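Chain by chain, the residues run as shown.
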Amino acid sequence: MSAIGNWMTEQRRAFFSNAVSQRDFRTQMRGKKAVLLWLFYLGVFFFVVGFGYQSQVEVHSGNLVELQSSLNSFYQSIIAALGGFIVMATPALTALSVVGEKQRQSLDLVACSPVSFRYLLLGKMIGSFRYVWMLLVLSLPFTAVCVSLGGATWQNVLVSYALLAAHGLVLMSIGILISSVSQTATTAILYSYFCTLAYSVLTFALAADASPLFSFGPRLQDPFEAPVSVALSPFLAASAASTHTTILDYAVPNWILAVGVCLLLADLFLAGAGSALGAYGAKETLRFRTRLLVNAVLVGSFSAAIYAVGSRVGSRSSLTNESNFCFYIAFLCLSPLLANLFAWNWNAPKRFQYDGDFRLRQIFRGTPSGGLPFAILLILVGNFSAMGVGLLVGIPLTATSMGILVFCAGYATLWWGLTQLTSCYAADLKFARVIPFFVVLLCELAVVIAVAMTSDRRTNPLYTFSFISGPVIADHDGFLKYGVAAAVVGIVLRLCSRTPRKERNIETVA
Amino acid sequence: MLEIRNLRKTYGDLVAVRDLSFTLEPGDILGFIGTNGAGKTTTIRMVSTLLEPTSGTASINGFDIQRDPMGVRRLIGYMPDFFGLYDDVKAWEYLDFFANIYGIPSKQRPSVIDNVLELTDLTTKRDAFVQSLSRGMQQRLCLARCLVHDPALLLLDEPASGLDPRARAELRELILELGRMGKIVIVSSHILPELAGFCNKVGVIERGELLAFGGVGEVVRSVQPHRKVHARIVGELDGVVATAMACAGVSDARIDNSGSVVIDLQGSHEDQAELLKTLLAKGHRIFEFREEAVNLEDVFLKLTRGDVN
């Protein structure tokens with residue numbers, strides 16, 4: 001009971017009396033700066049809304065049916081604009097949150113106090129989240145006009161706001177993660193905007209691809225089924241508000257699922273930020289890796305479920321018939337980060353120093369020896385979740401599904417071997433992480449050139465590198481073959497690198 | 001009690017701190033002396049749990065820095081050589097923030113803040129913005145921050161740097177007061193004469209190695225085994241030199257430029273008292289008889305070679 005009591009106290013302190021958020025609140029609300037900022041926002045929003053009204057509503061003012069429809073579109077454009085504001089504002093709110101503390105040298109003062117980095121990051125998050133809610137609350141008069149004119153219902157508005165707030169949480173957590181790993185304010189801002197943009201484009205593409213029924217305007221108030229991915233884009237919150245996914249004959253609103261996904265993602269990124277700041281064996285690393293596994297299960301499950309729902313409603317998506325294909329794509333997209341799991345350097349902090357090649361016990365400690373076992377565990381968990389859910393929703397298990405699994409594991413082993421090799425020779429950790437990325441990129445480029453240059457690509461010597469990206473560019477049947485080849489190359493690379501041994505410390509005092 | 005056992009920190013080939021071991025009791029004020037890059041800050045950061053030791057450990061009142069860092073953090077107050085102050089925050093808000101972080105209940109916080117502001121003589125600056133405070137005041141505010149949770153160990157890294165003489169004197173009084181309150185205080189500094197004034201222990205570190213550690217007098221005597229006694233006499237001096245040389249424990253006696261007799265005494269305080277008695281008994285008219293004050297600077301210069309990592 002006392003453990004639960006302590007946990008409750010800790011949560012109450014972190015969420016409801018967080019010192020960091022209280023301090024941020026005091027400084028945010030101080031002086032004229034905040035008022036001017038909000039006035040500026042209202043001015044810009046008024047301009048955007050006014051422009052939208054002019055172009056969408058006024059032209060149809062003669063016909064009531066058309067007017068109703070255009071009011072609907074007008075409302076959607078307001079929510080899309082709000083989404084845009086949130087996408088623009090969140091990196092600015094969070095990118096400097098941790099890096100600013102580093103530069104001010106106040107992070108050390110918090111780090112040597114009896115609170116975890118999670119407490120600090122949650123405080124930052126809560127402080128910034130207030131701004132997001134201010135953005136939403138200040139836009140209420142405009143959406144209220146739409147409701148009173150008949151362009152939307154209050155339910156639409158509330159659901160859309162909940163979705164936007166959830167997207168705001170994800171974007172803020174991305175900003176905090178970038179801020180935690182950055183050393184300078186400029187890189188933090190640049191990477192935050194880049195990642196936010198990438199997230200927005202990716203989720204928009206996913207949403208747009210998910211359902212052909214998905215369109216602006218007339219369908220808004222008629223609930224219809226669509227994959228949950230339609231609710232993952234901040235720009236389409238209004239349209240996604242009335243969609244649902246049928247799970248075991250129950251129509252579950254997509255906004256509920258999407259809010260759940262957003263909370264999980266925000267939690268994952270926040271745990272990542274905590275892990276980046278934490279030391280050897282820190283609880284934050286354990287938390288982050290556990291979250292990664294949970295999210296792998298979800299990505300795997302969703303990749304099967306999205307395909308199942310998509311095929312039922314006539315999705316445009318025609319990726320493949322494999323239940324775990326989406327997981328595979330997600331894995332490939334995140335693979336450049338694999339080197340972070342495996343790279344080591346003697347001059348780096350203890351958690352990044354070489355401690356073996358493959359140790360299961362180090363999976364949750366964040367040391368290099370736990371990197372490969374963790375990557376393989378992640379792959380197994382994600383793929384099996386996708387296959388399991390795929391079987392439940394009627395997607396048969398094929399040899400390609402297993403091939404994808406083997407390829408993912410082989411691909412991770414390749415990155416591991418390459419990173420081990422570069423770690424042996426790189427002067428610092430950064431190089432050990434970056435060089436494998438460029439090597440793989442060059443190999444990918446070679447395959448692309450081979451495909452582009454010759455009609456029969458298999459005759460081109462550059463095509464030898466196709467084991468790295470072959471299944472994407474060439475045929476889908478070679479997953480198993482390519483996976484084994486990648487694993488063999490990875491192991492050979494590891495054998496080629498000299499056995500890491502801690503150098504003897506030079507006696508510095510005579 | 002602070003116990004440091006074989007604490008070591010390496011960065012690749014570089015040994016920043018080499019197997020440091022010492023113990024401090026409540027009320028001890030340790031002057032931690034060393035050149036830039038000697039390993040003072042690294043040691044302090046390891047004890048404050050900000051850096052992981054490569055090997056060895058330290059414990060404070062039984063809490064180990066590696067096994068129970070949260071327990072250690074509740075017991076320490078760390079003041080780095082930078083302020084780490086937040087902008088747009090008032091002095092009391094700054095302290096309230098840290099008091100909250102250290103888990104002091106909101107009802108107790110105002111009185112705690114008032115107490116530490118009073119102790120650091122900043123009561124009148126309670127509502128001033130931290131960026132508007134002078135450097136000395138900011139330094140004292142940082143010290144106040146370290147005290148909000150009543151720590152058992154204070155780690156002060158170069159606390160006097162950049163302060164004017166008055167601010168230094170105030171800081172010295174404050175540290176002495178903290179020592180009297182039973183806190184263990186570690187002060188790293190370059191300004192050696194000041195340390196001698198309020199430290200009861202001293203540690204000299206160079207290239208990560210602790211060259212000397214102990215009571216101030218003890219360390220001085222380990223470097224300079226004989227006492228230097230200055231005697232000022234009315235009348236003839238040569239006779240005094242001869243009488244002193246005949247006394248037990250006296251290795252040398254000479255007349256310096258200022259006209260006083262300098263006696264090198266290798267004995268104890270007993271021998272010193274005996275020397276004075278003998279001189280008086282021989283009829284020398286002594287109007288001043290004193291042992292030369294401990295000079296940490298000399299000790300430091302003798303022990304170290306100015307090498308850095």
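Reading the values: the criteria
- Residues numbered from 1 in each chain as written.
- Chains lettered and ligands numbered in written order.
- Predicted model: local features only at pLDDT ≥ 70, side-chain atom pairs only at ≥ 80, totals over all residues.
- Heavy atoms only, no water.
- Helix = DSSP H or I, 4+ residues; strand = E, 2+ residues; numbered from the N terminus.
- Expected span 1.5 Å × (residues − 1).
- Buried < 20%, exposed > 50% of the residue type's maximum accessible area, 1.4 Å probe, protein only.
- Arc of directions from axis to C-beta.
- Salt bridge = Lys/Arg side-chain N within 4 Å of Asp/Glu carboxyl O.
- Axes fitted to C-alpha atoms, helices over the stretch in contact; angles between N-to-C directions.
- Parallel < 35°, antiparallel > 145°, perpendicular 65-115°, else oblique.
- Contact = heavy atoms within 4.5 Å.
- Nonpolar A, V, L, I, M, F, W, Y, C, P; charged D, E, K, R; others polar.
- Buried area = accessible area lost by both parts, 1.4 Å probe.
- Polar contact = N/O pair within 3.5 Å; in protein donor to acceptor, adjacent residues only side chain to side chain.
- Pairing = 2+ DSSP bridges.
- Core = buried A, V, L, I, M, F, W, Y, C linked by side-chain atoms within 4.5 Å.
- Phe/Tyr/Trp six-rings, centres within 6.5 Å; stacked < 30°, edge-to-face > 60°.
- Lys NZ or Arg CZ within 6 Å of the ring centre and 35° of its normal.
- Patch = residues over 30% accessible without salt bridge, like charges linked within 9 Å, V, L, I, M, F, W, Y side chains within 5 Å.
- Areas by Shrake-Rupley, 256 points an atom, 1.4 Å probe, with all protein chains shown as cover.

**Student:** Would you take a moment to explain helix H20 (residues 479-496) of chain A for this structure?
**Tutor:** An α-helical segment advances 3.6 residues per turn. Residues three or four places apart therefore align on the same side. Residue and element names in this part refer to chain A. The terminal C-alpha atoms of H20 lie 26 Å apart, and with 18 residues this matches the ideal 26 Å at 1.5 Å per residue to within 8%. Buried within H20 are the following residues: Phe479, Tyr482, Gly483, Ala486, Ala487, Gly490, Leu493 and Arg494. Buried positions in H20, seen along its axis, are confined to an arc of 135° and lie on one side of it. Of the exposed residues in H20, those oriented more than 90 degrees away from the buried face are Lys481, Leu495 and Cys496.

**Student:** Looking at this structure, I do not really get the pattern of salt bridges. What am I missing?
**Tutor:** Oppositely charged side chains can pair when the atoms bearing their charge come close. All names here are of chain A. This model, assessed by the stated rule, comprises 24 salt bridges over all chains. Asp24 serves as the salt-bridge partner of Arg23, at 3.0 Å between the closest nitrogen and oxygen. Arg494 is paired through a salt bridge with Asp357; the nearest N and O atoms lie 3.0 Å apart. Of this pair, Arg494 sits in helix H20 while Asp357 sits in the loop between helix H15 (338-342) and helix H16 (371-392); the two residues are 137 residues apart in sequence, bridging distant segments of the chain. Assessed through its relative accessible area of 24%, Asp357 is described here as partly exposed.

**Student:** How should I be thinking about the packing of helix H14 (residues 325-334) of chain A against helix H17 (residues 399-425) of chain A in this particular structure?
**Tutor:** Packed helices, taken two at a time, are described by the angle their axes make and the gap between the axes. All names here are of chain A. Two elements in contact, H14 and H17, have axes whose closest approach is 10 Å; the angle formed by their N-to-C orientations is 10°. Relative to H17, H14 is oriented roughly parallel. Packed against H14, whose contacting residues are Phe325, Tyr328, Phe331 and Leu332, the element H17 presents Ile404, Phe407, Cys408, Tyr411 and Ala412 at the interface. Residue composition of the contact of H14 with H17, grouped by class: nine nonpolar, no polar and no charged.

**Student:** What's the story with the interface of chain A and chain B in this structure? I'm lost.
**Tutor:** By a widespread convention, an interface's size corresponds to the accessible area lost as its parts come together. Contact with chain A, which involves 39 residues of that partner, is made by 45 residues of chain B. Between chain A and chain B the total buried area reaches about 3,500 Å² when both faces are included, carbon and sulfur atoms providing 52% of it. Across the contact surface, chain A and chain B share two salt bridges. If you look at where chain A meets chain B, you find nine residue pairs in polar contact (both at pLDDT 80 or more). Of all elements in the fold, only helix H2 (19-28), helix H5 (97-104) and helix H6 (107-111) of chain A reach the threshold of two or more residues within the side of chain A that touches chain B. Counted by class, the side of chain A that touches chain B contains 15 nonpolar, 11 polar and 13 charged residues.

**Student:** I keep staring at the sheet that holds strand E11 (residues 227-234) of chain B and nothing clicks. Help me out?
**Tutor:** Two orientations exist for strands paired in a sheet by backbone hydrogen bonds: parallel and antiparallel. Residues and elements named next belong to chain B. Read across the open sheet, the four strands follow the order E12-E13-E11-E14; overall the sheet is antiparallel. Because the sheet does not close on itself, it has two edges, and the strands there are strand E12 (250-255) and strand E14 (285-291). Strand-to-strand twist across the sheet, computed as the mean angle between neighbouring axes with direction ignored, equals 20°. Taken together, the five bridges between E11 and strand E13 (residues 261-265) define a ladder with antiparallel strand orientation. Looking at the pairing, His230 lines up with Val262 of E13. Here helix H9 (residues 238-245) sits on the sheet in contact with E11, E12 and E13, set at roughly 175° to E12.

**Student:** I'm lost on the nonpolar core in this one. Help?
**Tutor:** General note: in soluble globular proteins, nonpolar side chains tend to be found buried as a group. In this structure, Phe45(A), Leu2(B), Tyr94(B), Leu95(B), Leu141(B), Leu153(B) and Ile186(B) are the most contacted members of the largest nonpolar core, which totals 150 residues. When residues in this core are grouped by element, the largest group, 13 residues, is from helix H9 (residues 154-181) of chain A. If sequence neighbours within four positions are ignored, Leu2(B) has contacts with Phe22(B), Thr23(B), Leu24(B), Val47(B), Ser59(B), Ile60(B), Leu153(B), Ile184(B) and Ile186(B). Counting 31 residues, the second-largest nonpolar core is a separate cluster that includes Phe325(A), Ile363(A), Cys408(A) and Leu493(A).

**Student:** How should the packing of aromatic side chains be read in this particular structure?
**Tutor:** Describing an aromatic ring pair means giving the distance of the ring centres and the angle of the ring planes. Applying the stated rule across the entire model yields 22 aromatic pairs over all chains. With 5.4 Å between their ring centres and 75° between their planes, Phe437(A) and Phe438(A) make a pair best called edge-to-face. Accessibility expressed as a relative area gives 46% for Phe438(A), which makes it partly exposed. Feature note: the residues Trp38(A), Tyr41(A), Phe45(A), Phe46(A), Phe85(A), Tyr131(A) and Phe142(A) constitute an aromatic cluster, connected by ring pairs. If you follow Arg23(A) out to its NZ or CZ, it ends over the ring of Tyr86(B), 3.9 Å from the centre. Here the guanidinium or amino end of Arg23(A) rests over the ring plane of Phe97(B), the centre of that ring lying 4.4 Å away.

**Student:** Please clarify how a nonpolar patch on the surface should be interpreted in this entry.
**Tutor:** Residues and elements named next belong to chain A. There is a patch of nonpolar side chains on the surface, built from Met88, Leu96, Ile189 and Tyr193 and spanning about 350 Å² of accessible area. Secondary-structure assignment places Tyr193 in helix H10 (residues 185-210). Overall, the relative accessible area of 33% leaves Tyr193 in the partly exposed class.

**Student:** What is the right way to read the sheet that holds strand E4 (residues 55-60) of chain B from this model?
**Tutor:** Residues and elements named next belong to chain B. Pairing in this open sheet of four strands is antiparallel, and the strands run E2-E1-E4-E5 from one edge to the other. Both edges of this open sheet fall to strand E2 (14-24) and strand E5 (63-64), since each of them pairs with a single strand only. The sheet contacts of helix H1 (residues 40-47) involve strand E1 (2-11), E2 and E4, and relative to E1 the element is tilted by about 120°.

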